[in-house]
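As a plain string of letters, each chain reads:
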Amino acid sequence: MTQRKHTGRSLRFTLSAVYTGLFTLLLLGVGLLFRQNLATNLSEQARDDLKQSWDVLKANLRIEHDLGQANYHAVWFFDPTDPDENGASVRIKSVYVVADEKGKPLPDSYSPSGFSYSSTYESLGFDSAAQVKKILASNQAEWIQKIDPDGLPYLIRQSYVLSEDRSRKYFVAIGKSFAESAALLRQFDWLCLGLFPLVIITGFATGWFFTGRSLTPVMEIAQAAQRISGSNLSLRIPLRRTGDELDYLVETFNQMIERLEVNFNQVRQFSTDVSHELRTPITILRGQLEVALLTADTAEQYRDAIVDSLQDVERLSQIVRALLLLSQAETGQVILQKHTLDLVEVAEGIVDQFQIPAEGAELSLKFVPNVGACPGEFDRVQIERMLSNLLSNAIKFTPAGGEVQVSVGRDGDEAEIVVADTGQGIPPEHLPLIFDRFYRVRGKEEQASPEKGLGLGLSFVSWIVRAHGGTVDAQSAPGKGTTFRIRLPLGEEEVRAGLEPSSEAVRQG
């Protein structure tokens, strides 16, 4: 097994990196969502605190008119001896301002500056006259944020109160520092930044470990597959019996190996058969020529030797032509030449051609037309080859005194051709494989027969039927004969002959 040199390209590394990346993105999304939720809650809490402080402010602030003067000033009614009221007063006056319509703070004798504002609000910057007029005109509270010189954020609630005689409106703003909230958010950010690398490393290490364990069965399958070669295709990868995807992969792989084993065995058998078929006529041909060279004295003897040699050469030519034609068909070099044909007429002509061989084998060969005519688009050469192969097999494997019958009928837009015989039949275990290339049923009679063939005839039949877009199936019982049933479409759809014959497709058809 070739050792992988680049870990970064391995499936284990890729899966670990992908899972870690997805987990990191998910964690980042959750972190951002949690931070946003935390910031929102802190903001809502600050607003609620300012709303409560505003209610306390309205209950304890009066804008009074100086007697004999036109000025108004702010008066607070907090009880300094009450801890709750004193605490509320400190909280409200930490960030506040009370101003007239021009934004000028009102006098306040209890304020250190003598005016109604805190030093903190002064550092944030007094509001412009335009902003004050906007608030007084809107009759609604407005929430804004301000930043002090140190960069700390403050939430400000701006609204108004009426003078005690309710003749005037005065601008009032109170605020709350966001320092604690900002510090809490910064702590959360640093915590996430600190944990993220640890989480990524831990996630990758965990993913590497579990991915390795998950891929262990795949490596075992690969190692088992390496032990399978052309010389030991009988080996199978054992199932894990877990019913998961790997078991399905193993089962599929075993089925593929099984098909390869069948094909390899067929090819080996084919090579043996071809070698035997070619060796026998070549040996006979050589022997005849050697005998003629050594013993022939007259022109007649030489002529007899040449005639016998030509017969063996013809047999060799037939074998080579069959192999060449099948090879061309499998590689798409044969294209159907379709013309309008009457299958009844074609089948009857082929049956007539086989009457003499049937009589020589002491068989009864009959043609039964189940329809007056059956016209369709077919390739005459291929249809005649298909019928010839079927009749040749039927006559070859039907004992003397038997019967072979060919019938042609029509079922809707399909033609049906049936070739039935009363021959020796095909064992059930061989029946599903008879259309496979190079497959031959090996019985005692067949082994002893000098005309056993190469097992290509039915493969040609299957290919011709499929090339015409039809189906073929066989029914047989040992000692009772075999029936081949072919159904061909009568339409004009062009079907090329370059499709590789597939026994599985034929059997399913």
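Residues numbered from 1 in each chain as written. Predicted model: local features only at pLDDT ≥ 70, side-chain atom pairs only at ≥ 80, totals over all residues. Heavy atoms only, no water.

**Description of the pairing of strand E3 (residues 96-99)**
Taking every second residue as pointing to the same face, both faces of E3 are buried, with Tyr96 and Val98 on one and Val97 and Ala99 on the other. Bridge count between E3 and strand E6 (residues 169-177): four bridges; the pairing is antiparallel. Within E6, the position partnered with Tyr96 by the bridge is Ile174. (Buried < 20%, exposed > 50% of the residue type's maximum accessible area, 1.4 Å probe, protein only. Helix = DSSP H or I, 4+ residues; strand = E, 2+ residues; numbered from the N terminus. Pairing = 2+ DSSP bridges.)

**Digging into the sheet that holds strand E12 (residues 471-477)**
Pairing in this open sheet of five strands is mixed, and the strands run E8-E10-E11-E13-E12 from one edge to the other. Strand pairing shows two members of the sheet lacking a second neighbour, strand E8 (364-369) and E12, which therefore form its edges. Across the sheet, the axes of successive neighbouring strands diverge by a mean angle of 10°, strand direction being ignored. Lying over the sheet, helix H8 (residues 343-353) contacts E8, strand E10 (403-411), strand E11 (414-421) and strand E13 (481-489), oriented at roughly 170° with respect to E8. The strands that helix H10 (residues 380-396) touches are E8, E10, E11 and E13; relative to E11, the one it contacts most, it runs at about 20°. (Axes fitted to C-alpha atoms, helices over the stretch in contact; angles between N-to-C directions. Contact = heavy atoms within 4.5 Å.)

**Some words on helix H1 (residues 11-60)**
Compared with an ideal rise of 1.5 Å per residue, which puts 50 residues at 74 Å, H1 spans 73 Å between its outermost C-alpha atoms and is within 8% of the ideal. Among all positions of H1, only Ser16, Thr20, Thr24, Gly31, Leu38, Leu42, Ala46, Leu50, Ser53, Trp54, Leu57 and Asn60 are buried. (Expected span 1.5 Å × (residues − 1).)

**Some words on the nonpolar core**
Here is a general trend for soluble globular proteins: nonpolar side chains tend to be buried in one another's company. Residues Leu343, Met386 and Leu391 are the most contacted members of the largest nonpolar core, which totals 46 residues. Those elements that place two or more of their residues in this core are H8, E8, H10, E10, E11, helix H12 (457-467), E12 and E13. Beyond its immediate sequence surroundings of up to four residues, Leu391 is in contact with Ile350, Val351, Phe354, Leu365, Val404, Val406 and Val419. Grouped together as the second largest cluster of nonpolar side chains are 21 residues, Trp54, Tyr72, Trp76 and Leu106 included. (Core = buried A, V, L, I, M, F, W, Y, C linked by side-chain atoms within 4.5 Å.)

**Points about unusual backbone geometry**
Among all residues except glycine, the phi angle is most often negative; among peptide bonds, the trans geometry is most common. Notably, Arg166 is not glycine yet its phi reads approximately 60°, a positive angle. For Arg166, a relative accessible area of 62% puts it in the exposed group. A positive phi angle is found at Glu362, which is not glycine, with a value near 60°. Looking at the element boundaries, Glu362 is found in the loop between helix H9 (355-360) and E8. Under the relative-accessibility criterion, Glu362 is labelled exposed at 57%.

**Describing the packing of H1 against helix H2 (residues 83-93)**
At a closest axis distance of 10 Å, the pairing of H1 and H2 adopts a crossing angle of 110°. When the axis of H1 is compared with that of H2, the two are roughly perpendicular. For the pair H1 and H2, the contacting residues are Ser53, Val56, Leu57 and Asn60 in the first and Glu85, Ala88, Arg91 and Ile92 in the second. Residue composition of the contact of H1 with H2, grouped by class: four nonpolar, two polar and two charged. (Parallel < 35°, antiparallel > 145°, perpendicular 65-115°, else oblique. Nonpolar A, V, L, I, M, F, W, Y, C, P; charged D, E, K, R; others polar.)

**Topic: a nonpolar patch on the surface**
Residues Val18, Tyr19, Leu22, Leu25, Leu28 and Leu32 make up a contiguous nonpolar surface patch of about 610 Å² in total accessible area. Positionally, Tyr19 belongs in helix H1. A residue is classified by how much of its surface remains accessible, and Tyr19, at 49% relative accessible area, is partly exposed. (Patch = residues over 30% accessible without salt bridge, like charges linked within 9 Å, V, L, I, M, F, W, Y side chains within 5 Å. Areas by Shrake-Rupley, 256 points an atom, 1.4 Å probe, with all protein chains shown as cover. Salt bridge = Lys/Arg side-chain N within 4 Å of Asp/Glu carboxyl O.)

**Details of the sheet that holds E3**
Pairing within the open sheet is antiparallel, and its four strands lie in the order E3-E6-E5-E4. Each edge of the open sheet carries a strand with a single partner, namely E3 and strand E4 (142-147). Each adjacent strand pair in this sheet contributes to an overall mean axis angle of 25°, direction not counted.

**Observations concerning the environment of Arg166**
Mapped onto the secondary structure, Arg166 falls in the loop between strand E5 (153-162) and E6. Between the alpha carbons of Arg166 and Ile63 there is a distance of 9.2 Å; along the sequence they are 103 residues apart.

**Thoughts on the pattern of salt bridges**
A full pass over the atoms with the stated rule returns 12 salt bridges. Notably, a salt bridge pairs Asp189 with Arg35, separated by 2.6 Å at the nearest N-O pair. Taken together, the residues span a long stretch of sequence, with Asp189 in helix H5 (residues 179-226) and Arg35 in helix H1 at a distance of 154 residues. It is possible to trace a salt-bridge network through shared partners that takes in Asp411, Glu414, Glu416, Arg485 and Arg487.

**Description of the packing of aromatic side chains**
Per the stated rule, a full pass over the model turns up 10 aromatic pairs. With centroids separated by 5.6 Å and ring planes inclined at 85°, the aromatic side chains of Trp76 and Tyr96 adopt a geometry described as edge-to-face. Pair noted here: Trp76 is in strand E2 (residues 72-76) and Tyr96 is in strand E3, with a separation of 20 residues, a long-range link. Using a relative accessible area of 9% as the deciding quantity, one classes Trp76 as buried. Of the aromatic side chains, those joined through ring pairs into one cluster are Phe13, Phe204 and Trp208. Residue placement shows Arg157 over the ring face of Trp54; its charged tip is 4.8 Å from the ring centre. Lys169 extends its terminal NZ or CZ atom over the ring of Tyr160, reaching a point 4.7 Å from the ring centre. (Phe/Tyr/Trp six-rings, centres within 6.5 Å; stacked < 30°, edge-to-face > 60°. Lys NZ or Arg CZ within 6 Å of the ring centre and 35° of its normal.)

**Observations regarding the confidence of the model for the protein**
Looking at the protein as a whole, the pLDDT averages 81, with 86% of positions reaching at least 70. Here residues 1-5 is modelled with pLDDT under 50, and outside its nearest four sequence neighbours on either side it reaches four contacts, counting other chains as well. In the predicted structure, residues 493-509 sits below a pLDDT of 50 and forms 41 contacts with residues beyond four places in sequence or in another chain. (pLDDT = per-residue confidence, 0-100.)

**Notes on the packing of H1 against H5**
Contact pair H1 / H5: the axes reach a minimum separation of 8 Å and the direction vectors enclose 160°. Here H1 lies roughly antiparallel to H5, going by the angle between them. Where H1 crosses over H5, the two elements pack in a sense that is right-handed. Of the residues in the contact of H1 with H5, the class split is 22 nonpolar, nine polar and three charged. (Left-handed = near helix turned anticlockwise from the far one by under 90°.)

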